[in-house]
Amino acid sequence: MNLTSPHPNRQNSRGYRSKVMKKTLDESGLLRVAELVLPRLPPSDLAAAASSCKAFGREVASISSRRASDASRGVESHPIPFFNPTLDGQPYSFFLYTRLPVLPSSSMPLSARPWGGVDQPDKSRTLDDASSMSAFASPIAGSESGCGCKDCSFGGELGICPCLSPEEGAFLASGPGMELMLECGANCSCGDECLNRSTQRGVSVKLRIVKDEKKGWGLHAAQFIARGQFVCEYAGEFLTTEEARRRQRTYDELASAGKLSPALLVVREHLPSGKACLRVNIDATKVGNIARFINHSCDGGNLLTVLVRSNGSLLPRLCFFAMKDILDGEELAFSYGVSDHRRGLPCYCGSPSCVGRLPSEET
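These numbers come from a predicted model, not from an experiment.

> Please give an account of the overall build of the protein that cites residues and values.
Scanning the protein from N- to C-terminus turns up five helices and 15 strands. Looking at the protein as a whole, 42% of its 363 residues are labelled buried. Sequence separation of 24 or more characterises 65% of the internal contacts of the protein that already satisfy a separation of 6 or more.

> Can you lay out the confidence of the model for the protein for me, pointing to particular residues and giving the numbers?
A residue-level look at the protein finds 74% of positions with pLDDT of 70 or above and a mean pLDDT of 79. The weakest mean pLDDT in the protein belongs to helix α4 (residues 129-133) at 41; the strongest belongs to strand β1 (residues 82-83) at 98. Scored below 50 in pLDDT, residues 121-143 makes 47 contacts in the model with residues more than four places away or belonging to other chains.

> Give a description of unusual backbone geometry that names residues and reports values.
Positive phi values are uncommon outside glycine, yet R73 reaches one of about 60°. For R73, the location among the structural elements is in the loop between α3 (54-69) and β1. Of the residues examined, R73 reaches a relative accessible area of 3% and is grouped as buried.

> Give me the packing of aromatic side chains: which residues, what numbers.
In total, this model carries 10 aromatic pairs according to the counting rule given. Here the aromatic rings of F82 and F293 are separated by 5.8 Å at their centres, their planes lie at 90°, and the arrangement is edge-to-face. Of this pair, F82 sits in strand β1 while F293 is found in the loop between β11 (287-288) and β12 (295-296), placing the two residues 211 residues apart along the sequence. For the pair F82 and F293, one class covers both residues: buried. Relative to W115, the ring of Y92 lies with its centre 5.4 Å away and its plane at 75°, an arrangement referred to as edge-to-face. Of this pair, Y92 sits in the loop between β1 and β2 (96-97) while W115 sits in the loop between β2 and α4, and the two are 23 residues apart along the sequence. Here Y92 matches W115 in class, with each residue buried. An aromatic cluster is defined as three or more aromatic residues linked by ring pairs; in this entry it consists of F82, Y92, F94, F95, Y97, W115, W217 and F293.

> Summarise the pattern of salt bridges; cite the residues concerned and give the values.
One pass over the structure, following the stated rule, counts 10 salt bridges. Here R247 ties to E243 by a salt bridge, and the two come within 2.8 Å at their closest N and O atoms. Taken together, the residues span about one helical turn, with R247 and E243 both in helix α5 (residues 241-256) at a distance of four residues. In this structure R247 comes out as buried when scored by relative accessible area, which is 13%. On the basis of relative accessibility, which here comes to 22%, the residue E243 falls in the partly exposed class. One connected set of salt bridges, linked through shared partners, spans E237, E243, R246, R247 and D283.

> Could you give me a rundown of the sheet that holds β1, with the residues and numbers involved?
If you walk across this open sheet you meet the three strands as β1-β5-β6, and the pairing is mixed. Pairing within the sheet leaves two strands with one partner each, and these edge strands are β1 and β6 (216-221). Where strand β5 (residues 207-212) meets β6, six bridges bridge the pair, whose relative direction is antiparallel. When the bridges of β6 are listed, L207 appears paired with A221.

> I'd like to hear about α5, residue by residue, with values.
Counted at 1.5 Å a residue, the expected span for α5 with its 16 residues is 22 Å, and the 22 Å between its end C-alpha atoms agrees. Residues of α5 that are buried: A244, R247, Q248, Y251 and A255. All buried residues of α5 lie within an arc of 110° about the axis, which places them on one face of the element. Every exposed residue of α5 that faces more than 90 degrees away from the buried side is listed here: E242, R249, E253 and S256. Considering only its buried residues, α5 is in contact with β8 (237-239), β9 (264-270) and β10 (277-283). G258 occupies a position one or two residues after α5 and carries a positive phi of about 75°.

> Account for the sheet that holds β10, naming residues and giving values.
The antiparallel open sheet is built from three strands, whose spatial order is β8-β10-β9. Two strands bound the open sheet, and with one partner strand each, they are β8 and β9. Strand-to-strand, the axes of this sheet are offset by a mean angle of 30°, without reference to chain direction. Sheet contacts for α5: β8, β9 and β10; angle to β10, the most-contacted strand, approximately 45°.

> Could you give an account of the side chain of D283, naming the residues involved and the relevant values?
Along the chain, the position of D283 falls in strand β10. For D283, a relative accessible area of 0% puts it in the buried group. Within the local environment of D283, its side chain forms a polar contact with the side chain of Y251, the two groups lying 2.7 Å apart. For D283, the contacting residues outside a window of four places in its chain are G236, E237, L239, R247, Y251, A263 and L264.

> Outline a nonpolar patch on the surface, supporting the account with residue identities and numerical values.
A contiguous nonpolar surface patch, about 270 Å² in accessible area, is contributed by V33, L36 and V37. Counting through the fold element by element, V37 comes out in helix α1 (residues 8-37). Residue V37 is classed as partly exposed on the basis of its relative accessible area of 40%.

Cut-offs used in this document
- Residues numbered from 1 in each chain as written.
- Predicted model: local features only at pLDDT ≥ 70, side-chain atom pairs only at ≥ 80, totals over all residues.
- Heavy atoms only, no water.
- Helix = DSSP H or I, 4+ residues; strand = E, 2+ residues; numbered from the N terminus.
- Buried < 20%, exposed > 50% of the residue type's maximum accessible area, 1.4 Å probe, protein only.
- Contact = heavy atoms within 4.5 Å.
- pLDDT = per-residue confidence, 0-100.
- Phe/Tyr/Trp six-rings, centres within 6.5 Å; stacked < 30°, edge-to-face > 60°.
- Salt bridge = Lys/Arg side-chain N within 4 Å of Asp/Glu carboxyl O.
- Pairing = 2+ DSSP bridges.
- Expected span 1.5 Å × (residues − 1).
- Arc of directions from axis to C-beta.
- Axes fitted to C-alpha atoms, helices over the stretch in contact; angles between N-to-C directions.
- Polar contact = N/O pair within 3.5 Å; in protein donor to acceptor, adjacent residues only side chain to side chain.
- Patch = residues over 30% accessible without salt bridge, like charges linked within 9 Å, V, L, I, M, F, W, Y side chains within 5 Å.
- Areas by Shrake-Rupley, 256 points an atom, 1.4 Å probe, with all protein chains shown as cover.

Below, the structure is given as structure tokens:
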């Protein structure tokens, strides 16, 4: 008995198509999984995944490109891209973006927050700014405190909004090298478009992050920025002094070995009595915004540091304004503090007054 198919070529063709379809379905399912998992991985794990198969390699390249196109993950008014003219092969810096200061949280690590997926941009990829800031309403000032103005540029019956500085647009002294500005808060009657909330609407100027062979990543203007214009604030984790000191010890060890570029900033607000000051520790090393890339300049740089206190807020926010007209392409910088010739990491600011060392402070 002859059991051979009368059409062997047709049968082989069907078998081949079946194998191709199965392979296609397998690759399709694999890519769907990759689209969900790969955006959650840090660069080192992404590189390992890319080497495992060609399909992963293509997806990793797309993720890296999307990450490099916008450090803010779509939450700012304009994309803030990375640009690396060096040959080190690092297209971006990996961190968790937040528009406003937050409290430290271990409930969701960096790896649990996707970045660079096909559904970008998406504000859900950043921290919940509104809820994080609600923790800083001061019970002393009264969480219910706030102005009743409909238009804070004119104020209420007396013509002066109680949240405004004595002279509109003026800064108050808050100690050496630091200014203080008052703004409306969460419980004020005015809306988000109030003229006295200029620092609360995120970054409105165009910026880019550029890498230098010596200084590392730095923040540059991508447009003309007029003198006095708000640029950005220094967002990160608000830490206790004890936690700041613990982290700084670890950061110093890693930085001295060239394994980390820490971004822990200590700010001191001098109280009106002049006898004490409020210490604020902001760590943008792992959680922060684009201000973490602003480098030091021994000549003071082109940014003015201003402590902004909103009505009803216990802790001030550190904000940056243009100290002078800043040209498109110019690097943004400010002074980290007083440098010590005997200690600190090397300084490459390049200013005529450079002392050769970055400011270093015992936290």
